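Chains, contacts and geometry: an overview
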Amino acid sequence: MGLALEFLWVPFLACLVLTGIHVYLGLHVLARGVIFVDLALAQVAALGITVAFLAGHSIQSDAAYWYALAFTVGGALLFSVSRMRRAPIPQEAIIGIVYAVSAAAAVLVVDRAPQGSEHIKQLLVGSILTVTPKEVGALAILYAVVGAIHWAVRRPVLQISFDPEAALREERWVRWWDFLFYASFGLVVTSSVRIAGVLLVFSYLIVPAAAGALLTSSVAGRLLLGWAFGFLVSVVGLTASYLWDLPTGAAVVTTFGASLGAVALGIGTRALVRQVRTRGVKALAGAGMVACLLVALAGGLLLVFPGMDHHWLNWIEEAAPTVELAFLTPRERDTYWESREAIGRGQAELQRLRGIQQEVQWGTRQMGQEQQERLRQFLASRGEISAGDRMVLRTLRGKARERQRYWLGIPLLAAGGLGALLLARARRRA
Amino acid sequence: MAAAPAWGGGPLPVVTTTTDLKALVEAVGGDRVQVDALAPPLADPHAVEVKPGQLVKLKAAALLVRIGLDHEPWLTRVLRSVNDPRFAPGSPHSLDTAKRIQLLQAETPRVRSERGVHVHGFGNTHYWLDPENARPITAAILDALARLAPADRAHFEANRKRFLEQLDAALRRWSQAMAPYRSVRVVVVHETWPYFADRFGLTVVAAVEPTPGVPPSPAYLASLIQKMKEAGVKLLIAEPSANASVVSQVAARSGARVVTLIPSVGGDPEARDYLALFDLNIKRLTEALTAAR
């Protein structure tokens with residue numbers, strides 16, 4: 001696993017670089033309400049690269065990068081002139097239109113050069129795991145420059161984002177500042193998407209800024225909180241990818257979602273606790289009603305559709321097999337335990353033999369041709385037997401469900417429904 | 001009286017799903033067929049978008065030739081919109097060339113999904129990449145064409161005979177070029193090459209991206225690179241659609257050399273027909289193998 005850790009160092013540095021600039025830009029994007037502007041600009045850049053490709057440049061070439069940049073600046077220009085004081089259409093609509101049209105135009109262009117379509121798709125996917133130190137270094141320098149420029153012009157640019165009415169009254173160069181903002185933003189997004197992909201770039205842009213906005217209202221506070229949040233999520237996401245063997249980019253994006261959920265849950269819990277302190281236990285009636293209704297729904301579904309997937313019941317039965325065994329006859333119970341044991345044994349054996357097969361393939365173990373073929377066939381049939389055992393368990397579970405539908409489904413439905421009813425009445429009285 | 005064929009007296013209109021099948025139909029049909037391929041050469045089979053003009057051609061086609069198995073998930077919708085009973089499976093107007101092929105990686109889907117790899121439910125679909133498979137494929141094409149245009153049977157047979165003679169000569173050439181590298185261990189980026197490797201005696205030990213489209217995890221890449229170093233794997237076979245940064249990282253860290261092989265006719269300007277496809281791939285492969293030694 002040492003090598004895997006070695007792998008994650010450079011992606012970690014890349015994540016820090018992304019956090020640095022994206023959280024700041026994300027504050028602006030969130031304040032302006034132009035959430036999808038990065039996706040639109042990334043798509044415009046991809047269109048530029050597609051056109052470069054058609055003009056005979058390779059996708060990784062400098063020329064392609066300049067094409068992408070030129071297209072992005074064009075997009076930035078469009079976004080800065082489309083901002084109006086009393087606009088008949090919201091700017092988010094224009095962003096959406098630019099996204100859809102440039103994505104479709106790229107498809108039309110790439111249709112002329114079929115060999116390019118896969119590459120173009122990859123421009124928007126990125127691969128944070130295989131980013132090189134050189135790429136991270138170049139990004140760090142570029143973003144430091146962009147950051148310095150934004151620091152120098154922070155007063156008008158922040159005012160336009162956070163207090164647009166005042167800016168429009170006082171500032172004469174609003175369109176120019178807007179253009180500077182979108183152009184630098186486009187440059188950052190175009191460069192980030194190449195290495196990290198749109199999903200990761202979008203998450204770094206929006207989620208930390210959103211978390212900051214949930215917790216504080218000052219710009220500096222949001223920035224600091226956002227940076228801390230981005231840093232923490234990068235560490236947790238990469239660690240998860242390492243520990244549980246997950247694709248890295250997807251692991252980080254999902255961690256972003258889970259962390260924001262945790263922040264929201266924390267805020268909600270805090271509000272609830274405050275209410276309980278002032279109003280007593282009655283404050284929990286709403287949440288209790290929802291819980292009771294969920295229980296009633298689960299019971300009702302079990303009663304009406306015993307054959308559908310009841311994951312909650314599966315989880316309970318995994319933790320406490322008694323819940324299933326109580327609904328089986330003694331003979332069925334014996335079969336249940338036998339099958340489980342057989343699966344466990346078969347699994348271990350399959351793993352061992354597959355290991356041997358791997359070693360033979362890699363050349364670290366010698367084995368004759370005939371023996372290799374016998375091993376292959378044995379593995380195939382052993383896998384089939386395990387699959388059969390699994391089917392036996394599924395059939396038993398189906399039988400248990402048929403009995404649980406009445407013995408569990410009806411009581412749950414009744415208890416949940418009654419609980420919800422009582423709570424509703426208590427609320428009305430209060 | 002039998003219904004007159006809709007295509008009149010001109011060349012027989014044929015539509016294939018891939019450019020490889022187009023090349024093979026042209027090899028058998030010669031100037032008596034007019035062939036169009038629906039999917040571009042390097043298309044992701046899950047993202048093929050058919051154009052209106054192609055639907056028109058399919059509607060007018062006398063024969064539809066496909067790779068079969070689950071290689072063309074997009075075709076079902078296309079056939080539904082064309083809504084022509086002629087292209088139902090088993091009809092003389094529909095040819096599935098997988099029928100006569102000895103498939104590889106054809107363990108039952110249940111077993112494969114249990115192993116966590118579920119790409120091809122019925123067996124690996126890249127069977128045209130074994131040039132020996134051109135024999136059964138062209139035999140099936142010959143039968144189908146001759147059934148639709150019986151008057152041209154002799155012409156088709158002569159064409160196929162000529163093609164197979166060229167193929168035999170080429171196979172001798174390719175096998176000779178690859179002979180010094182028998183049983184060399186290679187790693188592939190995607191599971192595209194089992195038939196090709198089988199024919200030319202390469203041993204594929206692992207894939208960088210066992211599930212296409214899902215990036216490999218750090219631990220998987222690390223153990224792969226470790227094993228590549230230990231086993232002395234010197235060659236990494238990529239295709240043009242492979243993720244360039246993943247490929248170059250694996251190569252740089254394992255010390256293996258990357259060779260990009262073309263999986264389909266037309267995927268590279270040099271791969272203009274079926275034999276040229278293998279000429280190009282064998283040339284690239286032997287150059288890389290020589291350099292990697």
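**Section: the nonpolar core**
Counting residues in each nonpolar core, the largest one holds 159 residues, and the members touching the most others are Val14, Leu24, Ile141, Leu235 and Ile237 of chain B. Ranked by the residues each element gives to this core, the list is headed by helix H9 (residues 174-215) of chain A, at 21 residues. Dropping the residues within four chain positions of it, Leu24 of chain B is found in contact with Ala134, Ile137, Thr138, Ile141 and Tyr274 of chain B. In terms of nonpolar packing, the next biggest core, distinct from the first, is built from seven residues, Cys292, Ala296, Leu302 and Leu408 of chain A among them.

**Concerning the domain arrangement of chain A**
Each assigned domain of chain A is listed here: domain 1 (2-246) and domain 2 (287-429). Just the C-alpha atoms count here: the centres of domain 1 of chain A and domain 2 of chain A sit 44 Å apart.

**Description of the sheet that holds strand S8 (residues 257-260) of chain B**
Strands in a sheet are paired, the pairing made by backbone hydrogen bonds, and the direction either parallel or antiparallel. Residues and elements named next belong to chain B. Here we have four strands laid out as an open sheet, ordered S6-S5-S7-S8, and parallel in their pairing. At either end of the open sheet lies a strand with only one pairing partner, and these are strand S6 (203-207) and S8. On average, each strand axis in the sheet is tilted by 35 degrees relative to the strand beside it, whichever way the strands run. Alignment of strand S5 (residues 185-188) against S6, held across four bridges, turns out to be parallel. What sits directly across from Val186, in S6, is Val204. Contacting strand S7 (235-238) and S8, helix H9 (residues 244-254) crosses the sheet at an angle of about 175 degrees to S7.

**As for the confidence of the model for chain B**
Residue and element names in this part refer to chain B. The share of residues in chain B with pLDDT of 70 or more is 91%, and the mean pLDDT across the chain is 86. Contacts from residues 109-119, a stretch scored under 50 in pLDDT, to residues over four places away or in other chains number 18 contacts. Here the complex is predicted with pTM 0.80, and the ipTM for its interfaces comes to 0.71.

**Overview of the packing of helix H12 (residues 285-304) of chain A against helix H16 (residues 369-429) of chain A**
Residue and element names in this part refer to chain A. Between H12 and H16, the least distance of the axes is 7 Å, while the angle of their chain directions is 155 degrees. Of the possible angle classes, the one that applies to H12 and H16 is roughly antiparallel. The handedness of the crossing between H12 and H16 is left-handed. Taken together, the residues that form the contact of H12 with H16 break down as 18 nonpolar, eight polar and two charged.

Criteria and cut-off values
Residues numbered from 1 in each chain as written. Chains lettered and ligands numbered in written order. Predicted model: local features only at pLDDT ≥ 70, side-chain atom pairs only at ≥ 80, totals over all residues. Core = buried A, V, L, I, M, F, W, Y, C linked by C-beta atoms within 7 Å. Buried ≥ 20, exposed ≤ 12 C-beta atoms within 10 Å, placed from the backbone. Helix = DSSP H or I, 4+ residues; strand = E, 2+ residues; numbered from the N terminus. Contact = placed C-beta atoms within 7 Å. Domains from an automatic or database assignment. Pairing = 2+ DSSP bridges. Axes fitted to C-alpha atoms, helices over the stretch in contact; angles between N-to-C directions. pLDDT = per-residue confidence, 0-100. Parallel < 35°, antiparallel > 145°, perpendicular 65-115°, else oblique. Left-handed = near helix turned anticlockwise from the far one by under 90°. Nonpolar A, V, L, I, M, F, W, Y, C, P; charged D, E, K, R; others polar.

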